[in-house]
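Observations on chain architecture
This is what each chain is made of:
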Amino acid sequence: MARPAVDLAALRRMAGVRERIAQPRAPLRSYTREVPGDELSPGLRYLEQRFGEHEPPETYDLAFARMDRASREHLLHFDTETTGLAGGTGTRAFMIGAADWHEGRLRVRQIYITSLSAEASMLKTFATWIGSETVLVSYNGKSYDAPLLATRYRLARLANPLAGLRHVDLLHPMRRRYRHDWENCKMQTAERRLLSIVREDDLPGSEAPRAWLTYLRGGASTNLVRVAEHNLQDVRSLSGLLMHAHGWAARDALAISSADDEK
């Protein structure tokens, strides 16, 4: 006698077994430990790029930040990537990016460490980029980046080159001007609203500590390279945002002058 045909699908349903649907596998990224830049000393890497962003004014009106004017040669836009956001002596900067105007172009220099022992070398190198007339430009740097670096210089028993310098923290004027118009005043919001920059495949700053620690523990450098790209965009954007703020000062001064003329 012929055996009745077995309905496997029906049996699976009776047994409560779900059929597995094959999912396409995501392509595997190639593993690499290579990192960009030149090695200045063991564990310290250096990157330098130049950009023809826009024609900067010779002097910047910093009235929006309640400061006197500043020469473009004295501006240093800077940003750090760190091992955490909590602060304290356990948090350190593992990457510092800085942009200045050099020979008519925006020069972006980045230094980062691939070993803990190279931190002092990084701090010493960054100090050589700063002079007594330097005007710092950051985004939330007064509350976070500058105090963190001051702590690291103190722990390394080095003089803090940021001490006593004028510091334009763009977060505060952005808040004063746009807090009622924008959803928030984060840097990437300001980029999108004022510079028409929308980051694609950007590694969030919150992922930077994991990317660096993964590399230190023998992992791939893929995300560490993305951290450098994120930092690069940060300091380039600082230059563009400062240009916008400089424009506010000029327009505000013109509006005040026109109002006085009408009186």
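Each residue is numbered by its place in its chain's sequence as written, counting from 1. It should be noted that, the model being predicted, local features are given only for residues of pLDDT at least 70 and side-chain atom pairs only at 80 or more, the latter also being counted only at that level, while totals for whole chains, interfaces and linings use all residues. Side-chain metrics in this entry use all non-hydrogen atoms of the structure; hydrogen atoms and water are not considered.

Side note on the pattern of salt bridges
A side chain with one charge may pair with a side chain of the opposite charge, provided their charged atoms come close. Within this document, salt bridges are pairs made up of a side-chain nitrogen of Lys or Arg and a carboxyl oxygen of Asp or Glu, the two lying within 4 Å of each other. The final tally for this structure, using the stated rule, is 16 salt bridges. In this structure, R69 engages D61 in a salt bridge whose closest nitrogen and oxygen atoms are separated by 3.7 Å. For every residue, the accessible area (1.4 Å probe, protein chains only) is compared with the maximum for its type, and the residue is labelled buried under 20%, exposed over 50%, or partly exposed between those bounds. Look at D61 and you get buried, because its relative accessible area is 16%. Linked by salt bridges that have partners in common, E191, R199, D202 and D234 make up one network.

A word on the nonpolar core
Ranked by internal contacts, the top residues of the largest apolar core, which has 36 residues, are F94, I111, F126, L149 and L162. For this core, the secondary structure elements donating two or more residues are β2 (44-51), β5 (75-82), β6 (93-102), β7 (105-113), α2 (119-127), α3 (145-155), α6 (208-216) and α7 (222-262). In terms of residues, this core owes the most to one element, β6, which gives 5 residues. Contacts between residues were defined by any pair of non-hydrogen atoms, one from each residue, lying within 4.5 Å. Apart from the residues within four sequence positions on either side, L149 is in contact with F78, T80, A93, I96, L123, F126 and L162. The criterion is simple. A nonpolar core is a set of buried Ala, Val, Leu, Ile, Met, Phe, Trp, Tyr and Cys residues joined through side-chain atoms within 4.5 Å. One finds F51, W101, Y139 and M187 within the second-largest nonpolar core, a separate group that totals 32 residues. In this description a helix means any DSSP run of H or I spanning at least four residues, a strand means any run of E spanning at least two, and both kinds are numbered starting from the N terminus.

Some words on the packing of aromatic side chains
When two rings of Phe, Tyr or Trp (its six-membered ring) have centres within 6.5 Å they constitute a pair, described as stacked for plane angles under 30 degrees, edge-to-face for angles over 60, and tilted for the intermediate range. Taken as a whole and judged by the stated rule, the model has 5 aromatic pairs. When the centroid spacing of 6.4 Å and the interplanar angle of 65° are considered together, the rings of Y46 and W129 count as edge-to-face. Taken together, the positions of Y46 in strand β2 and W129 in the loop between α2 and β8 (135-138) put the pair 83 residues apart, joining distant regions of the chain. Both rings, one in F78 and one in F126, keep their centres 6.4 Å apart while their planes meet at 40°; by these two values the pair is tilted. One end of the pair, F78, is in strand β5; the other, F126, is in helix α2, and 48 residues separate them in sequence. F78 gets classed as buried once you look at its relative accessible area, which sits at 1%.

Observations regarding the sheet that holds strand β9 (residues 166-169)
Paired strands, in this sense, are two strands between which DSSP finds at least two bridges. Strand order in the open sheet formed by 7 strands is β1-β2-β7-β6-β5-β8-β9, and the pairing between neighbours is mixed. Since the sheet does not close on itself, it has two edges, and those belong to β1 (38-41) and β9, each with one partner. Across the sheet, the axes of successive neighbouring strands diverge by a mean angle of 25°, strand direction being ignored. Alignment of β6 against β7, held across 8 bridges, turns out to be antiparallel. Residue pairing across strands places A99 opposite V108, the latter belonging to β7. Lines fitted to the C-alpha atoms define the axes, with helices restricted to the stretch that makes contact. Angles between their N-to-C directions range from 0 to 180 degrees. Most of the contacts of α3 go to β5, to which it runs at about 75°, and overall it touches β5, β6 and β9.

With respect to the environment of Y46
When its relative accessible area of 16% is taken as the criterion, Y46 is described as buried. Once the C-alpha coordinates of Y46 and M95 are considered, the two residues, 49 residues apart in sequence, prove to be 9.9 Å apart. In this structure the side chain of Y46 is engaged in a polar contact, spanning 2.3 Å, whose partner is the side chain of E48. Between N or O atoms, a polar contact is any pair within 3.5 Å; within protein, one atom must be a potential hydrogen donor and the other a potential acceptor, and residues adjacent in sequence are included only when both atoms are from side chains.

Some details on the side chain of H230
Take H230: it is sitting in helix α7. Beyond its immediate chain neighbours, meaning those up to four positions away, H230 contacts E81, Q188, R199, D202, L203 and G205.

Re the pairing of β8
Burial along β8 is two-sided: the residues V135 and V137 and L136 and S138 are all buried. Both β8 and β9 contribute to a ladder of 4 bridges, which runs parallel. Along β9, the bridge assignment pairs S138 with D169. On the question of chirality, the crossover connecting β8 to the parallel β9 by way of α3 is right-handed. Looking down the strands as they point away from the viewer, one classifies a crossover as right-handed if the path from the first strand across the helix to the second runs clockwise.

As for the side chain of E191
Structurally, E191 is set in helix α5 (residues 187-195). A residue is classified by how much of its surface remains accessible, and E191, at 0% relative accessible area, is buried. Once residues within four sequence positions are removed from consideration, E191 is found in contact with S196, I197, R199, Q233, S237 and L241.

Concerning unusual backbone geometry
We note that N140 has phi near 70°; this positive angle belongs to a residue other than glycine. For N140, the location among the structural elements is in the loop between β8 and α3. In this structure N140 comes out as partly exposed when scored by relative accessible area, which is 30%. In this structure, D201 takes a positive phi of about 55° despite not being glycine. Locating D201 in the fold gives a position in the loop between α5 and α6. Looking at D201, the relative accessible area reads 58%, which means it is exposed.

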